[in-house]
Structure formats: C-alpha cells, structure tokens
Amino acid sequence: MMRAVLALAILAGFGVSQAYALPSFLEKFLPHPPPQPSHPVIPAVPPASAVQIPPQAAVPDGSPALPPVLVQSGPLSFAPLVQRVIPAVVNIAITQISSEGGGKVPAQIKGTPLEKRYREKMQRHQEEILGAGSGFIVDPSGIIVTNDHVVGDADNVTVSLSNGQELPAKLIGVDALTDIAVIKVESPKPLPYVTWGDSHKVNVGDWILVAGNPFGFGSSVSAGIVSARGRDLGAGSLDDFLQLDAPINPGNSGGPAFNMRGQVVAVNAAMVSPAGGSVGIGFGIPSEIVAPIVDEIRRTGHVDHGWLGVTLDDGDGSVVLVDVDRNGPAQKGGLMKGDKITAINNAPVENGRALLRIVAAGKPGNAVTFTVIRKGKTSTVTLPIGKRPADADE
C-alpha cells in the first residue's frame, strides 16, 4: 500500500511525460503486462505412437445381454384373412313358442336391435321368443357348427349368410356336455366353408380373430390374443377353455375363432361381463374337443361320453378315489375307495379334472388302464368305461 501511494505521488510531481520517461524508476513499483509474442505459438503435436489411451473398464462377467427379438412383425391388416373366412360365418336367429306370451327379454338379444322387435311382439301378444347367435359352415353341403345354448331349445332356426341370403335350418344334434350343436341348411349350390386348425399348437400370446353376430350386427370381426389355456369354468367335465382377449359380446356365441391361417381353433362360448358387454375376457372351446364331437353328431345325431362313477380328490401327485358308486363302471372294473390313480394308459394325470376329461372324452366300452397305488403297492387296473347317464353330475 505504501509503495502504491509513493508511486502516485511521484507521478503527480513529475507530470505524465516525465513519468513515461522514467520507466526504470517505476519498474519496481508498477505491475507490467506479460510480453506479447509477435506470432502465435502452436504447440507441437506428439506422434501417434506416443499417445497413450487410458485402459477401459472390462465388462463384468455375467452381464445380461439383450434378448433376441421374438416378434419380428405383426399383421399390418387383418383384411386378407377376413375376406377369406367371413363368407363362411353365419348369423343365426331362433324362434321359440312361448306358453306365457310374455316374460323377460332373452339374454341373447338384450341390448341388440332385436330387443325392440321382441318388445313390440310381446306388446302384440305374439307367442314367439326371438334369439340370436352365430355359427360357421364346415362343409359345402351346408353343415353348420354353433352352440347348444344358441339353438338347443329353438322351434325354428333361420340362418343368414354373409351375402344376405336367409335359409331355414334343421337341427342335426347337440351335445349338452360340451355346448356344441350341429345344424344344416339346404342350398342349390355349394357354400363357402372353413376348416379346423390344431388347437394343440395354439400358444398363449398368439393372434386370434373372432367373427360373429354381436348384438345383432352380422359379419363382425374383432382381434386379440390368446390370454390363457386350460380354463375350467365349472360348466362340465370337459371344461378346457381357451381364454381370449378379443372382444366377445352377446350374439358371438357359436361363432369361430381363427388362427392367422384362417383355420378354426375355437368356438366362442362364454364371456365375463359384469356390465353386459365385453371386458376383454372371453372363452372358446378348443377345436381338439369340438371337431370329434361334430363328427360324432354328423354320424349318429348324438354323442355318448365315457363315465366311471367315482368321486375324486386331488392328492400329492395322484388322484384319490374318495368314493366309488355301487355297481358303477369303476367298481365293476376293480377300482376301490382309497385307490390313488397316478396314470391313465401310462400317461400321468395332473388332477381330478384332467382324469374326468380323459374319461368323458372316451367312447363307452373302450378299455382304459389305470396305474393305481393301493396300500402302498403299485399295480394296474384295466376296465371298460361306462356310458355317462343323462343325470350324471361328475
């Protein structure tokens, strides 16, 4: 501070010109800027061999790799598939004579355009109840598959083709256990038809296309995926539904569910509907169950299912016979209360429902071999399965 004051005082006494004339005198008191080079200095670039890149951290062992792309592409449009299959999908209208001339609106037509027509007829004291559903042609001669609950109690059935043509249909036969019905129409020329696909090959996540007559709007389609397999709804011994997230609504019953090859892999049969419409949980009967049932109905007009006459419970890796009906097929064939069944025809059984499905799908009179654990010892019992009674509840 004192040096700065002294320098200023000297400058004031000598004047500016004199002050610049005495740089050496002030050099030790005043700061000087660094000397400026006449040309910019460019630092030398070291050779490439002298440049050292710091080592990079190694990828630790076990680091997850990106998974492979499993879905390479999806359908940009379902239009080619729809154009191929929709001519074989039909709308089904039924009439039933009412003994009361009134009553509640049938569930099949509630909320559809047919509901208004139904109410008008009830007001005029007509004695017909209207219903609606879907179906599909499986033979050019006019064989149509649908649900038993669509046509089973009908007095008259009318089929509407995709081109608007209406034909009367006759009932060939039904199977209440699987909810399958077969009807037939007469046509002067062959009708478009679809074929069965293999539902064994349908995987959860596969695309599915559903077609039918929802709420009376014919030739409607919706798309989704298979959400699950093997659903048991408690409807019967053969319950083994595919769960679909494609919208299924009232009127879709009896309609087909197609794979991407245009083959029928399921028949639409049920839905979960808290509010009366689709919530994305529908159920289809797999083609592996439906196709042989349809063939049997076409041959004989009915279906006989196998029966054992037992009460079952699931055990640890086995199925336990809790009770055996007196004089039933199981008792006559040598099965006893308390037996633990581990296999049928050398194929392991998962649970009691699986065992009942195998037996119910069998033809009465066919021999079946059971692997049984009785009092700690394993043996086999071969017996002919019986014919399921109409009032059987297993």
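Novice: Can you explain the overall build of the chain? Please cite residues and give values.
Specialist: When helices and strands are tallied, the chain shows nine helices and 20 strands. Within the chain, buried positions represent 40% of all 394 residues. Look at the contacts in the chain between residues 6 or more apart in sequence, and 60% of them connect residues 24 or more apart.

Novice: Residue-level account of the sheet that holds strand β9 (residues 241–244), with values.
Specialist: Strand order in the closed barrel formed by six strands is β7-β8-β9-β12-β11-β10, and the pairing between neighbours is antiparallel. Adjacent strand axes in the sheet meet at a mean angle of 45° when their direction is disregarded. Relative to strand β11 (residues 264–271), strand β10 (residues 256–258) runs antiparallel, the two sharing three bridges. Looking at the pairing, Phe258 lines up with Val264 of β11. Contacts from helix α7 (residues 287–300) reach β8 (220–231), β11 and β12 (282–286), with the element oriented near 50° to β12.

Novice: Break down the confidence of the model for the chain for me, citing the residues and quoting the values.
Specialist: Per-residue confidence for the chain gives a mean pLDDT of 81; residues scoring 70 or more make up 75%. Across the chain, strand β3 (residues 143–147) holds the top mean pLDDT of 97, while helix α1 (residues 2–14) sits lowest at 40. Counted against residues more than four places away or in other chains, residues 1–27, with its pLDDT under 50, gives eleven contacts.

Novice: Would you mind going over the pairing of strand β15 (residues 319–324) in detail, with residue names and values included?
Specialist: When strand β14 (residues 310–314) meets β15, the two strands line up antiparallel, connected through five bridges. When the sheet's bridge partners are listed, Val310 is paired in β15 with Val324. What sits between the antiparallel neighbours β14 and β15 is a turn of four residues, in which Gly317 has the positive phi angle 75°. Taken together, the two bridges between β15 and strand β16 (residues 340–344) define a ladder with antiparallel strand orientation.

Novice: Any chance you could break down the packing of aromatic side chains for me, citing the residues and the numbers?
Specialist: The full count for this structure, using the stated rule, is three aromatic pairs. Considering the side-chain rings of Phe136 and Trp196, the 5.7 Å spacing of their centres and the 80° angle between planes classify their relative orientation as edge-to-face. Linking Phe136 in strand β2 (residues 128–139) with Trp196 in the loop between β6 (180–185) and β7 (207–212), this pair joins segments that are 60 residues apart in sequence. Between Phe241 and Phe283, the aromatic rings sit 6.3 Å apart at their centres with planes inclined by 70°, giving edge-to-face as the arrangement.

Novice: Explain α7 to me, and be specific about the residues and the numbers.
Specialist: Between the first and last C-alpha of α7 there are 20 Å, a value that for 14 residues agrees with the 20 Å anticipated at 1.5 Å per step. All of the buried residues in α7 are Ser287, Ile289, Val290, Ala291, Ile293, Val294 and Ile297. Those residues of α7 that are buried lie in contact with β3, β5 (166–175), β6, β11 and β12. One or two residues past the end of α7 sits Gly301, with phi positive at roughly 85°.

Novice: Provide a residue-level description of the pattern of salt bridges, including the pertinent values.
Specialist: One pass over the structure, following the stated rule, counts seven salt bridges. Between Lys184 and Glu186 there is a salt bridge; the shortest N-O distance is 3.2 Å. Residue Arg353 is joined to Asp232 by a salt bridge in which the shortest nitrogen-to-oxygen separation is 2.8 Å. You can see Arg353 sitting in helix α9 (residues 352–361) and its partner Asp232 sitting in the loop between β8 and β9, a full 121 residues away along the chain. Under the relative-accessibility criterion, Asp232 is labelled partly exposed at 36%.

Novice: How would you summarise unusual backbone geometry if you had to cite specific residues and measurements?
Specialist: Backbone geometry places Asn327, a non-glycine residue, at a positive phi of 65°. Mapped onto the elements, Asn327 comes out in the loop between β15 and α8 (329–333). Taking the relative accessible area as the measure of exposure, Asn327 reaches 52% and is therefore exposed. In this structure, Asn346 is a non-glycine residue whose phi angle is positive, near 70°. The residue Asn346 is located in the loop between β16 and β17 (347–348) in this model.

Novice: Talk me through the side chain of Asp175; I want residue IDs and the actual numbers.
Specialist: Relative to the elements of secondary structure, Asp175 occurs in strand β5. Buried charged residue Asp175 carries no salt bridge. Nearest counter-charge: Arg388, at 7.6 Å.

Novice: Mind laying out the pairing of β16, listing which residues take part and the relevant values?
Specialist: Summarising the sheet, β16 and strand β18 (residues 367–374) pair through four bridges and their orientation is antiparallel. Its bridge partner being in β18, Ile344 is matched across the sheet by Phe370. In the sheet, β16 pairs with β17 via two bridges, with the strands oriented antiparallel. From the neighbouring strand, Ala343 faces β17, where its bridge partner is Pro348.

Novice: Quick rundown of a nonpolar patch on the surface? Include the residues and the values.
Specialist: Together, Trp207, Ile225 and Met260 line one region of the surface with nonpolar side chains, adding up to about 250 Å² of accessible area. Mapped onto the elements, Ile225 comes out in strand β8. Judged by relative accessible area, Ile225 falls into the partly exposed class, the value being 31%.

Novice: Break down the environment of Ala93 for me, citing the residues and quoting the values.
Specialist: With respect to the helices, strands and loops of the structure, Ala93 is situated in strand β1 (residues 89–97). Distance in space between the C-alpha atoms of Ala93 and Ala154 is 9.3 Å, their sequence separation being 61 residues. Sequence-distant contacts of Ala93, that is, excluding residues within four places in its chain, are made with Gly131, Asn156, Val157 and Thr158.

Novice: Any chance you could break down α9 for me, citing the residues and the numbers?
Specialist: All of the buried residues in α9 are Gly352, Ala354, Leu355, Leu356, Val359 and Ala360. Buried positions along α9 lie against β13 (306–307), β14, β15 and β16. Measuring from the backbone nitrogen of Arg353 back to the side-chain oxygen at the start of α9 gives 3.2 Å, which picks out Asn351 as the cap.

What counts, and at which threshold
- Residues numbered from 1 in each chain as written.
- Predicted model: local features only at pLDDT ≥ 70, side-chain atom pairs only at ≥ 80, totals over all residues.
- Heavy atoms only, no water.
- Helix = DSSP H or I, 4+ residues; strand = E, 2+ residues; numbered from the N terminus.
- Buried < 20%, exposed > 50% of the residue type's maximum accessible area, 1.4 Å probe, protein only.
- Contact = heavy atoms within 4.5 Å.
- Pairing = 2+ DSSP bridges.
- Axes fitted to C-alpha atoms, helices over the stretch in contact; angles between N-to-C directions.
- pLDDT = per-residue confidence, 0-100.
- Phe/Tyr/Trp six-rings, centres within 6.5 Å; stacked < 30°, edge-to-face > 60°.
- Expected span 1.5 Å × (residues − 1).
- Salt bridge = Lys/Arg side-chain N within 4 Å of Asp/Glu carboxyl O.
- Lys, Arg positive; Asp, Glu negative; His and termini not counted.
- Patch = residues over 30% accessible without salt bridge, like charges linked within 9 Å, V, L, I, M, F, W, Y side chains within 5 Å.
- Areas by Shrake-Rupley, 256 points an atom, 1.4 Å probe, with all protein chains shown as cover.
- Polar contact = N/O pair within 3.5 Å; in protein donor to acceptor, adjacent residues only side chain to side chain.

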